[in-house]
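# Coordinates in review
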Amino acid sequence: MLAGVRKWLDERFDWAALMAPLRKKTVPVHKLSYWYFLGGITLFLFGIQVCTGILLLLYYRPSSNEAFESVQYIMTRVPFGWLVRSIHSWAANLMIFTAFCHMFSVLFLRAYRKPRELTWVSGMILLFLVMGFGFSGYLLPWNTLAFFATKVGTDIAGQVPLIGKSLMIFLRGGEEVTGATLTRFFGFHVAVLPGITTLLILVHLALIQRLGMSVPPSVEAQRTVRSEQSREMHFFPNFLLRELMAWYIALGVLGALAALSPRGLGTKADPFASAPAGIRPEWYFMFMFQTLKLIPAKVWRLDGEVIGILLFGAAGVIWTLLPFLERNGKGRSQRWILGAGIFALAYMASMTVYGYLAK
Amino acid sequence: MDTSRNKCAVRLLFPLLATLLLGAVAHAQNPNSCLDCHSALDPPDQVTEEQFSRDIHAQKGLTCASCHGGDPSKNDQDAMSKKAGFGGKIERKDVPALCARCHSDSAYMRQYNPSLRTDQFAQYLTSVHGKLRAKGDERVAVCTDCHGVHDLLPASDTRSKVHPLNIAQTCARCHADAAYMKGYSIPTDQFAGYRASVHHEALAVRGDLSAPTCTTCHGDHGAAPPGVSTVQNVCSTCHVFQAQLFESSPHKAAFAAASLPGCVTCHSNHRIAHPTDAMLGTGPQSVCTNCHTEGDAGYQAAAQIAQQIDHLDTSVKNATEILDRAESAGMEVSDAQLEQDQARDSLTKSRVSIHSFNPTRVQQDVDTGLQIAGKTHGEGAAALQERDYRRKGLALSLLAIVAVVIGLRLYVRQIETRSS
């Protein structure tokens, strides 16, 4: 039957010619090949988000009067609604985690170097978009924690020099976090961000297809020393089947998290209530949040929070342009980037842990 | 010629004007000469500038002369001369009347605070303190004993001796002093009892300023112990429903006949502990068995009421426990938790309705609570069942996933073996 379908497609669209590039595509095989799976797992989790997001859209109502109740309805009344919402919530967290892991693996294996600078840039923008998904989606259940975390988050955005106030009003749809903010975040979450992200994923994948997968310089050097031949495997079906195994394992982890630790809903947001103690953002913003908390209110004559925001903004831009800062073949700049990567990873991890332990 | 005359006039006028100006400045800087001396004296005659500046009277523009007479704008003995109207030290017996000169004058007090009461002196005359003072007892409290003198603060100031948080301590200065109270034939353990009470905990520990302190039950300026027949009126100012139920209960007439003070008979007066269910029934801590003995109708009613309350308490606890377990397992039971609040309210209501001392009346509230607790317990059990169902589903899904992963691994090995 499968052969029949293939023949049918072949007669009409020259299927064999269409699939030829896929058949020709190969993936390098070496001791660090397993890092190649991270990008695919992130893509798989994005797919899960799209599917579960569409299912949630069938019942979710984006207004401050109905959002909380509609999510509660999904979790208690809709058949398997709890599973869909839990998977959506957990997959979001896992996707951000795997996206960060993917970024650091690319950095440490130096896969960003020429000619893959634009692959890195598109990947970094995708990472920022994924964090934007997290920030906008967090508010949608309209519960107390999400409400005040969004208030704090948009307050921080309001501190950006020159454009801060306008940016905050744009994000909130007014001076305060209200139902208008919810509607706006819903729009970002289900239309603006998915549209841009899908386009950028296509660009990212096209660049990978065009430039192939990078072999780490350390592996190449070892092969040269040992005079070994480079080993490769076909992308289709060999690598894809292995990727499929990784996706299945990710699905198992996701299912276990959703069933054993379903995401709670908390209490409905009350804009007139005072903020509860211990308000903090999702874990992926914690390192920034904790840093801003630790910076003194005034540093010399400047506002401490503004300095923090400017530093993070500058770090984000420099990080995105990292491949252009590495001078080709110069060991010093390579070591500098490696050192910065280790420092960034240690800083983010320690600040996140500190943020959760600090009262 | 004219010019030199002018210069001479200026030379004479300038020192004169300067002297007048300095005198005026010196007068403006020192309008209250009393403090010049009294701040340097030893207690009890000492009144410092800092102390007096805190005083509410000083802040409202009154001076030492407002109470003591004299002329503080003059120095030394001129300020304290009879000619200047100086009255000297005010005797304790004269303090209430002196304060009342202003504080009983509503027209005068209106300029400072139109809502300020002006019946303090009238009330004081009806108080035990006022009555004893009228009989010549110099040791009873007068205004300054509770409110202070020279550094008097408004009652709303937390540092004031009459702020709700400090009143008990202020009363205790005399009433907990056995030596001072000797001769009055009243106990001196009220403060110790109050400090161990649920009322003190609410006020001092939880900071609930509406919780009762000494003056809430005894009155402030008209302070007197409530009589045996009226004590429930005092308690009922806050505990309205309990009092209403007691009024229509068989205990009302029985207590009156036995000259027992209503609420105090079971709950004590100053040492009012947090009431527990152990006070009901016929157990060792029961207060019912203080009067009722085995076999009488009251004894049976007490046992029945205790059983009713215990039944509801157990049902509510069981429902709470199962809902908490479901919630900690991540199940969405917020609606049931909300209903559970109503079950707890019914338990509280039942504990209030025991003051009817009528098992049939208590059963009405108990039944409402049991119905809600039964429903929420069912919802908790259903949530736990759902949790187990999910876990079984997860186990089956994981088995299927493991099987697929193994299958894929074998398939990959097969095609790679074949191609190599």
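Values in this document were obtained by computation on a predicted structure and should not be read as measured data. (Residues numbered from 1 in each chain as written. Chains lettered and ligands numbered in written order. Predicted model: local features only at pLDDT ≥ 70, side-chain atom pairs only at ≥ 80, totals over all residues.)

Let us look at the overall build of chain B. Per the secondary structure count, chain B includes 23 helices and zero strands. Against the globule reference of 22 Å for 420 residues, chain B gives a C-alpha radius of gyration of 37 Å, more extended than a compact globule. Oriented by its inertia axes, the alpha-carbon framework of chain B measures out at about 135 × 90 × 40 Å. Pairs at least 24 residues apart make up 54% of the contacts formed inside chain B by residues separated by at least 6 positions. (Helix = DSSP H or I, 4+ residues; strand = E, 2+ residues; numbered from the N terminus. Rg over C-alpha atoms; globule rule 2.2 N^0.38 Å. Contact = placed C-beta atoms within 7 Å.)

Moving on, we come to the interface of chain B and chain A. Tallying the contact residues gives 18 residues for chain B and 21 residues for chain A. For the side of chain B that touches chain A, the element with the most residues is helix H23 (residues 359-419) of chain B, which contributes 15 residues. For the side of chain B that touches chain A, a count of residues per class yields nine nonpolar, four polar and five charged. (Nonpolar A, V, L, I, M, F, W, Y, C, P; charged D, E, K, R; others polar.)

Time to look at the confidence of the model for chain B. All names here are of chain B. Here chain B averages 88 in pLDDT, and 92% of its residues register 70 or above. Every residue in residues 19-30 is under pLDDT 50, and counting partners more than four places away or in other chains gives two contacts. Here the prediction assigns the complex a pTM of 0.71, and the interface score ipTM is 0.86. (pLDDT = per-residue confidence, 0-100.)

Right, let's talk about the packing of helix H21 (residues 297-328) of chain B against helix H22 (residues 334-353) of chain B for a bit. Each pair of packed helices can be described by the angle between their axes along with the distance between the axes. All names here are of chain B. One can describe the packing of H21 onto H22 by two numbers: an axis separation of 10 Å at closest approach and a directional angle of 160 degrees. Here H22 runs roughly antiparallel to H21, going by the angle between their axes. As for the relative orientation of H21 and H22, their crossing is left-handed in sense. Of the residues in H22, those in contact with Ile309, Leu312, Asp313, Val316, Ala319, Thr320 and Leu323 of H21 are Ala336, Gln337, Gln340, Ala343, Arg344, Leu347, Ser350 and Arg351. Per-class residue counts for the contact of H21 with H22 are eight nonpolar, four polar and three charged. (Axes fitted to C-alpha atoms, helices over the stretch in contact; angles between N-to-C directions. Parallel < 35°, antiparallel > 145°, perpendicular 65-115°, else oblique. Left-handed = near helix turned anticlockwise from the far one by under 90°.)

Here we come to the domain arrangement of chain B. Residues and elements named next belong to chain B. Its domain assignment divides chain B into domain 1 (1-27), domain 2 (31-89), domain 3 (92-190 + 203-225), domain 4 (226-273) and domain 5 (297-419). Each of domain 2 and domain 3 was reduced to a C-alpha centroid, and the two centroids are 25 Å apart. Domain 2 puts nine residues into the contact, and the matching count from domain 3 is seven residues. When residues of the side of domain 2 that touches domain 3 are traced back to their parent elements, those giving at least two are helix H3 (49-54) and helix H4 (56-59). Per-element accounting of the side of domain 2 that touches domain 3 gives the leading share, three residues, to H3. Counted by class, the side of domain 2 that touches domain 3 contains four nonpolar, two polar and three charged residues. (Domains from an automatic or database assignment.)

Now for the nonpolar core. Ranked by size, the top nonpolar core spans 65 residues in total, and within it Leu45, Ile87, Ala91, Met95, Trp142, Ala146 and Leu254 of chain A carry the most contacts. The set of elements that each furnish at least two residues to this core consists of helix H3 (37-57), helix H4 (67-76), helix H5 (81-108), helix H6 (117-139), helix H7 (144-157), helix H9 (179-211), helix H11 (235-260) and helix H12 (286-294) of chain A. Ranked by residue count, the leading element in this core is H5 of chain A, at 14 residues. The residues touching Met95 of chain A, leaving out its near neighbours within four places in the chain, are Thr42, Leu45, Phe46, Gln49 and Val130 of chain A. In this structure, Ala303, Ile309, Val316 and Val366 of chain B belong to the second largest nonpolar core, which totals 26 residues. (Core = buried A, V, L, I, M, F, W, Y, C linked by C-beta atoms within 7 Å. Buried ≥ 20, exposed ≤ 12 C-beta atoms within 10 Å, placed from the backbone.)

Residues and elements named next belong to chain B. Look at H22: 29 Å from first C-alpha to last across 20 residues, which is about the 28 Å you get at 1.5 Å a residue. Among the residues of H22, those classed as buried are Ala336, Gln340, Ala343, Ser346, Leu347, Ser350 and Ser353. Angularly, the buried residues of H22 cover 125 degrees about the axis, an arc narrow enough to put them on a single face. Residues Leu338, Asp341 and Thr348 are exposed on H22 and point more than 90 degrees away from its buried face. (Expected span 1.5 Å × (residues − 1). Arc of directions from axis to C-beta.)

So, on to the environment of Asp55 of chain B. Residue and element names in this part refer to chain B. Relative to the assigned elements, Asp55 resides in the loop between H3 and H4. With 17 C-beta atoms packed within 10 Å, Asp55 lands in the partly exposed category. Expressed as a C-alpha distance, the spacing of Asp55 and Pro154, which sit 99 residues apart in the sequence, is 8.6 Å. When residues no more than four places from it in sequence are discounted, the contact partners of Asp55 are His150, Asp151 and Leu152.

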